[in-house]
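Structural features, examined
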Amino acid sequence: MRLFIHKLDCIIDPYSNNLVSQEPVLFAKALVSFPESPFSQVILIANQRKHLASINGHDIIATTVEDILSLQFNICSNDVWILWGGWIDLLNMLPRPQAEAVVKLHAMWRMSTAARMTVCTDMRFPFKRVNFVHAGRVELHGVYDEPVLELSQCMNLSNEHSVFNNVKWLPLFMLPTYSNVAIEPRHIGAKTIDLIYATRDWHMLSDSRINKVIRYYVDSGCRSSFLGEHKHTGNLTNRLSDTQTQLLQSNCSFDFSVPFYSVPYAMSYAAAHIAIGDQQYEQYGLIPNRVGEAIVARIATFVDCAVDKDKRLFADDVYLSKVSYVHSAEQVQQRIAAFKQHPDIYAAFCERQAAYLKTRYDIAKHFFAVTYDFINKHKHQHNCDICPCKL
């Protein structure tokens with residue numbers, strides 16, 4: 001059995017150090033890291049032909065869109081083909097030939113006999129059946145299509161909120177833990193800052209998220225660092241009171257953005273990170289990828305209560321559930337101060353969080369658990385003559 005992966009909005013560059021291309025690569029690593037993985041190969045449809053890795057005897061390779069469109073791979077009912085979600089308007093920004101190739105690739109996925117799935121790490125799947133872009137029509141799910149299984153990072157996403165007929169949750173926030181980055185834990189006394197928040201640019205953040213940044217990172221009075229492109233910091237500073245402006249100037253710094261794989265290194269100089277999100281994050285239970293990056297950075301993660309209202313993330317550990325969630329600047333301030341007074345407790349907390357999340361939210365185990373029935377039913381339907389179930 002082979003697994004094919006392509007992007008909805010662009011062509012993967014397996015060597016590009018950015019989130020868009022590296023998430024599918026890390027996903028492939030996660031699946032073949034599972035010793036019992038049934039995939040002999042994971043094939044990323046990309047901008048080049050390359051053997052990327054071999055893990056547990058399973059190959060991860062890159063092939064080109066042209067190779068797929070010219071039918072050099074006989075993708076059949078015994079294979080799985082994943083459409084990786086993204087920002088579909090990006091197709092209108094690509095060179096026309098490239099965009100048209102992506103649209104043709106998508107049409108091929110839609111008509112394929114392979115077991116078709118979708119994966120999305122956020123809310124960027126366009127929630128309508130047909131999208132019209134300059135390069136052509138992109139149809140996600142039609143009335144007469146066979147079932148498509150959506151794998152979503154949103155804990156609370158249901159069929160009502162999707163164009164797809166079947167939605168399962170997958171802990172995709174753990175993808176950064178499958179990178180090759182290895183960081184030694186730092187003693188809390190050696191930390192240069194208390195809190196870190198990484199973003200692309202302030203103009204991309206909603207009002208609700210900026211208000212949470214003010215609540216936790218400014219009002220707490222903690223030493224905080226903001227990573228990212230800071231041309232639009234006025235979206236933050238314009239809503240501060242005089243007192244908050246003084247806190248920002250005294251305790252906070254705006255530092256440059258760093259490449260995808262370097263984010264955990266930058267985070268490792270802080271004691272903690274606070275997982276916050278937009279209103280959609282809170283509505284759908286979308287756990288930010290920064291949680292996974294904090295694990296790699298070997299730092300503590302505090303989770304805004306609104307992101308995970310039911311405290312499902314640490315549900316099986318009473319201690320972590322009590323300490324990991326915050327709803328006020330005072331709570332953040334008190335816990336950082338307590339950790340500084342008890343460095344051994346801080347170190348043990350970071351290790352306990354990391355061990356719990358890695359064990360409880362192993363991506364491969366979750367993937368094979370939620371896709372097993374779907375894949376087998378699909379195989380039976382396409383091989384009815386040899387299927388003992390006579391489906």
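Structure's up top.
Residues numbered from 1 in each chain as written. Predicted model: local features only at pLDDT ≥ 70, side-chain atom pairs only at ≥ 80, totals over all residues. Heavy atoms only, no water.

1. A word on the overall build of the protein chain
Along the protein chain, the regular secondary structure elements total 13 helices and 16 strands. Taking 391 residues into account, the globule formula puts the C-alpha radius of gyration at 21 Å, and the protein chain, at 22 Å, falls close to it. Each principal axis of the C-alpha distribution contributes one length, and for the protein chain these read about 70 × 45 × 40 Å. Per-residue burial over the protein chain gives 56% buried out of 391 residues. Within the protein chain, counting contacts between residues at least 6 apart in sequence, those at least 24 apart form 74% of the total. For the protein chain, the computed accessible surface area is about 17,200 Å², with 50% contributed by carbon and sulfur atoms. (Helix = DSSP H or I, 4+ residues; strand = E, 2+ residues; numbered from the N terminus. Rg over C-alpha atoms; globule rule 2.2 N^0.38 Å. Buried < 20%, exposed > 50% of the residue type's maximum accessible area, 1.4 Å probe, protein only. Contact = heavy atoms within 4.5 Å. Areas by Shrake-Rupley, 256 points an atom, 1.4 Å probe, with all protein chains shown as cover.)

2. Comments concerning the environment of A337
Structurally, A337 is set in helix α11 (residues 329-341). Each C-alpha atom of the pair A337 and R137 lies 55 Å from the other, and the pair is 200 residues apart in sequence.

3. Remarks on the packing of aromatic side chains
Taken as a whole and judged by the stated rule, the model has 22 aromatic pairs. Considering the side-chain rings of F314 and Y325, the 6.1 Å spacing of their centres and the 80° angle between planes classify their relative orientation as edge-to-face. Here Y325 lies in strand β16 (residues 325-326) and F314 lies in the loop between β15 (300-304) and α10 (318-324), a separation of eleven residues in the sequence. Relative to F368, the ring of F367 has its centre 5.1 Å away and its plane inclined at 85°; by these criteria the two rings are edge-to-face. Taken as a pair, F367 and F368 share a single burial class, namely buried. (Phe/Tyr/Trp six-rings, centres within 6.5 Å; stacked < 30°, edge-to-face > 60°.)

4. What to know about the sheet that holds strand β13 (residues 252-255)
Strands sit in the order β13-β12-β11-β14-β15-β16 across an open sheet of six strands; the sheet is parallel. The open sheet has two edge strands, β13 and β16, and neither has a second partner. Taken together, the four bridges between strand β14 (residues 270-275) and β15 define a ladder with parallel strand orientation. From the neighbouring strand, H273 faces β15, where its bridge partner is T301. Contacts from helix α6 (residues 242-251) reach β12 (224-229) and β13, with the element oriented near 65° to β13. (Pairing = 2+ DSSP bridges. Axes fitted to C-alpha atoms, helices over the stretch in contact; angles between N-to-C directions.)

5. Let's talk about the pattern of salt bridges
Note on pairing: side chains with opposite charge can pair once their charged atoms come close. A complete count under the given rule lists 17 salt bridges for this structure. With its nearest N and O atoms 2.7 Å apart, the salt bridge here joins R2 to D79. Highlighted residues: R2 in strand β1 (residues 2-7) and D79 in the loop between α2 (65-69) and β5 (80-84), separated in sequence by 77 residues. Look at R2 and you get buried, because its relative accessible area is 19%. Residues R298 and E351 are paired through a salt bridge, measuring 2.6 Å at the closest nitrogen-oxygen approach. (Salt bridge = Lys/Arg side-chain N within 4 Å of Asp/Glu carboxyl O.)

6. Remarks on the side chain of H6
Assignment of secondary structure puts H6 in strand β1. For H6, the contacting residues outside a window of four places in its chain are I45, W81, I82, L83, W84, L105, H106 and W109.

7. Thoughts on unusual backbone geometry
The backbone phi angle of N56 is positive, close to 55°, even though this residue is not glycine. In this structure, R298 takes a positive phi of about 60° despite not being glycine. Mapped onto the elements of the fold, R298 is located in the loop between α9 (290-297) and β15.

8. Topic: the pairing of strand β10 (residues 166-169)
The side-chain alternation of β10 yields one buried face, formed by V167 and W169, and one unburied face, formed by N166 and K168. Where strand β9 (residues 149-152) and β10 come together, four bridges link them in parallel fashion. Within the sheet, the bridge partner assigned to L151 lies in β10 and is K168.

9. Quick notes on helix α13 (residues 363-382)
For α13, spanning 20 residues, the distance from its first C-alpha to its last is 28 Å, which sits close to the expected 28 Å at 1.5 Å a residue. For α13, the set of buried residues is I363, A364, H366, F367, F368, T371, F374, I375 and H378. Against α1 (19-32), β5, β6 (115-120), β9, β10 and α12 (343-360) lie the buried residues of α13. Two or three places before A364, at the start of α13, stands the capping residue D362, its side-chain oxygen 3.0 Å from that residue's backbone nitrogen. (Expected span 1.5 Å × (residues − 1). Polar contact = N/O pair within 3.5 Å; in protein donor to acceptor, adjacent residues only side chain to side chain.)

10. Focus on the side chain of D79
Overall, D79 belongs to the buried group, its relative accessible area being 3%. Separated by 2.7 Å, the side chains of D79 and R2 make a polar contact.

11. Re the nonpolar core
In this structure, F27, L313 and F367 are the most contacted members of the largest nonpolar core, which totals 94 residues. Per element, the largest residue contribution to this core is seven residues, and it comes from α1. L313 has contacts with M155, F173, I287, V303, D308, Y325, Y356, L357 and Y361, leaving out every residue within four places of it along the chain. Counting 31 residues, the second-largest nonpolar core is a separate cluster that includes I61, A101, A135 and V138. (Core = buried A, V, L, I, M, F, W, Y, C linked by side-chain atoms within 4.5 Å.)

12. Describing the pairing of β5
A large share of β5 lies buried, amounting to five of its five residues. Of the two faces of β5, both are covered, the one formed by V80, I82 and W84 as well as the one formed by W81 and L83. Across five bridges, β1 lies against β5 in parallel orientation. Counted as the bridge partner of H6 is L83 from β5.

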